[in-house]
Amino acid sequence: MEVMYLVIPCYNEEEMLPITAKALEEKMSALIAEKKIAPMSRVMFVDDGSADKTWQLIQKLHSENRIFTGLKLSRNKGHQNALLAGLMTAKKYADIIVSMDADLQDDINAIDGFLEKRAEGCEIVYGVRSSRETDTGFKRMTAQGYYKILAAMGVEITYNHADYRMMSRRAVEALEEFREVNLFLRGMVPMVGFKSDIVTYERAARQAGESKYPLKKMISFAVEGITSLSIKPIRFITALGFMIFFVSIIMLIYFLTVHFMGKTVAGWTTTVVSVWALGGLQLLAIGVIGEYIGKIYLETKARPKYIIETDLEEEN
Ligand code: UDP
Ligand code: MG
């Protein structure tokens, strides 16, 4: 029997936490009773620098029932960093680690499926949503378009998989070797390799509290996904540059011919249009390059991705 840790990043989840804890306590007890996981298994809540009572709630849960444990980050670092902090800490105590969100949108009964795949020897099992009916039409459309763009950019990603997955300690240790600071875990985990599989489940709606991913964060996360995993945008700009250069040579020949034929009245339209077109293009190119230079800047600094303030497990 293996020790399983559930890692759950929580940011201002005081409304959701009691509901989530109750559901997970039942699930974990059932799994332990069925001898599917070892009794030492735990639910690890990672407090991502919440401003509300989230950490107090986690401490209370821990003092009432040792199935709950907690990790407190020194400040808010975002979902991906909080998740990574949880994975890297949990691997000290666990054989297998399941990551999920605090809002119970991911069906906790899919864990049985994860464990079955684990028994078949999988090191990584991806939870995949079978439908997105509970998401708004807008979120569904943008998400689907986004997966297609990522695929076109050559990023290997599991369709409709978010961060609900099971990883063995071995897989997490391999993930630790990825030194990058800009995290997009769902794109990085497939790079780890090993025998993996998927388990499908229905995604529910958030039961309490509100989404911590407003449109602005969603867009920046989407850009993060592309720029930290693919250099195709740079290649695209380079190809475009070559094309424009080629066109400009033809234009030059054309203008010279017209000039020597004596028709010297310069076309105002051509000038204005080319100034605007080139100006726009250059700005676009600089923007894309800047995006990557920003990445290099952050990577070279190699700042810590998270700082742990308290690990309740360690205090015992
Ligand atoms: N979260 C976090 N840090 C943040 C934002 C979110 O740890 O800065 C957690 C949040 O508590 C939740 C998970 O990340 O457990 C996913 O957030 P949410 O459910 O709000 O996102 P959505 O499902 O709407 O995309
Ligand atoms: Mg959610």
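Quick look at the structure, then. Treat the numbers as computed from the prediction; the structure is a model and nothing was measured.

For the pair helix α5 (residues 137–152) and helix α8 (residues 215–229), the least separation of the axes is 11 Å and the interaxial angle reads 10 degrees. The angle between α5 and α8 places the two elements in the roughly parallel class. Remark: the crossing between α5 and α8 carries right-handed chirality. Where α5 approaches α8, its residues Phe-138, Lys-139, Thr-142, Tyr-146, Ile-149 and Leu-150 are matched on the opposing element by Leu-215, Met-218, Phe-221, Ala-222, Gly-225 and Ile-226. When the residues that make up the contact of α5 with α8 are grouped by side-chain class, the tally is nine nonpolar, two polar and one charged.

All right, on to the site of ligand 1 then. Contacts to ligand 1 come from 19 residues, most closely from Glu-13, Asp-48, Asp-103, Ser-211 and Lys-212. One nitrogen or oxygen atom from the main chain of His-79 is found 3.4 Å from a nitrogen atom belonging to ligand 1. Take Asp-103: an N or O atom from its side chain is 2.5 Å from an oxygen atom of ligand 1. For ligand 1, the protein covers 94% of the area, taking 540 Å² as the surface of the free molecule. A per-class count over the shell around ligand 1 returns five nonpolar, five polar and nine charged.

Here we come to the layout of surface pockets. In this model, the second largest pocket occupies a volume close to 280 Å³. Among the secondary structure elements, those contributing two or more residues to the lining of the second largest pocket are α9 (232–260) and α10 (268–301). Class assignment for the residues of the lining of the second largest pocket results in nine nonpolar, three polar and no charged.

In this section: the packing of aromatic side chains. For the structure shown, the criterion picks out six aromatic pairs. Centroid distance Tyr-5 to Tyr-93: 5.9 Å. Interplanar angle 20 degrees. Geometry classified as stacked. Within this pair, whereas Tyr-5 is found in strand β1 (residues 4–10), its partner Tyr-93 is found in the loop between α3 (79–90) and β4 (96–99), the two being separated by 88 residues in sequence. Overall, the relative accessible area of 25% leaves Tyr-93 in the partly exposed class. For the ring pair Phe-184 and Phe-221, a centre distance of 4.9 Å and an interplane angle of 50 degrees mean the geometry is tilted. Residue Phe-184 is located in the loop between α6 (169–176) and α7 (185–192), and its partner Phe-221 is located in helix α8; the two are separated by 37 residues in the primary sequence. Each member of the pair, Phe-184 together with Phe-221, is buried. Through pairs of rings, three or more aromatic residues link up here, namely Phe-114, Tyr-164 and Tyr-201.

On to the nonpolar core. A general trend in soluble globular proteins is that nonpolar side chains are found buried together. With 36 residues, the main nonpolar core has Met-4, Leu-6, Ile-8, Val-43, Phe-45, Met-100 and Tyr-164 as its most contacted residues. Those elements that place two or more of their residues in this core are β1, α1 (17–33), β2 (42–47), α2 (54–64), β4, α4 (110–119) and β7 (196–201). Ranked by residue count, the leading element in this core is α1, at five residues. In terms of nonpolar packing, the next biggest core, distinct from the first, is built from 28 residues, Tyr-5, Ala-38, Val-46 and Leu-87 among them.

The next subject is the sheet that holds β2. Taken in spatial order, the eight strands of this open sheet run β7-β5-β6-β4-β1-β2-β3-β8, and their pairing is mixed. The open sheet terminates on both sides in strands that have one partner only, identified here as β7 and β8 (308–311). Pairwise comparison of adjacent strand axes, ignoring direction, gives a mean angle of 20 degrees for this sheet. Where β4 and strand β6 (residues 165–168) come together, four bridges link them in antiparallel fashion.

About the cut-offs
- Residues numbered from 1 in each chain as written.
- Chains lettered and ligands numbered in written order.
- Predicted model: local features only at pLDDT ≥ 70, side-chain atom pairs only at ≥ 80, totals over all residues.
- Heavy atoms only, no water.
- Axes fitted to C-alpha atoms, helices over the stretch in contact; angles between N-to-C directions.
- Helix = DSSP H or I, 4+ residues; strand = E, 2+ residues; numbered from the N terminus.
- Parallel < 35°, antiparallel > 145°, perpendicular 65-115°, else oblique.
- Left-handed = near helix turned anticlockwise from the far one by under 90°.
- Contact = heavy atoms within 4.5 Å.
- Nonpolar A, V, L, I, M, F, W, Y, C, P; charged D, E, K, R; others polar.
- Near = heavy atom within 4 Å.
- Polar contact = N/O pair within 3.5 Å; in protein donor to acceptor, adjacent residues only side chain to side chain.
- Areas by Shrake-Rupley, 256 points an atom, 1.4 Å probe, with all protein chains shown as cover.
- 1 Å grid on protein atoms, 1.4 Å probe; cavity = no way out; pocket = protein on both sides within 12 Å on 5 of 7 lines; lining within 4 Å.
- Points joined across faces, edges and corners; volume = space filled by probe spheres on them.
- Phe/Tyr/Trp six-rings, centres within 6.5 Å; stacked < 30°, edge-to-face > 60°.
- Buried < 20%, exposed > 50% of the residue type's maximum accessible area, 1.4 Å probe, protein only.
- Core = buried A, V, L, I, M, F, W, Y, C linked by side-chain atoms within 4.5 Å.
- Pairing = 2+ DSSP bridges.

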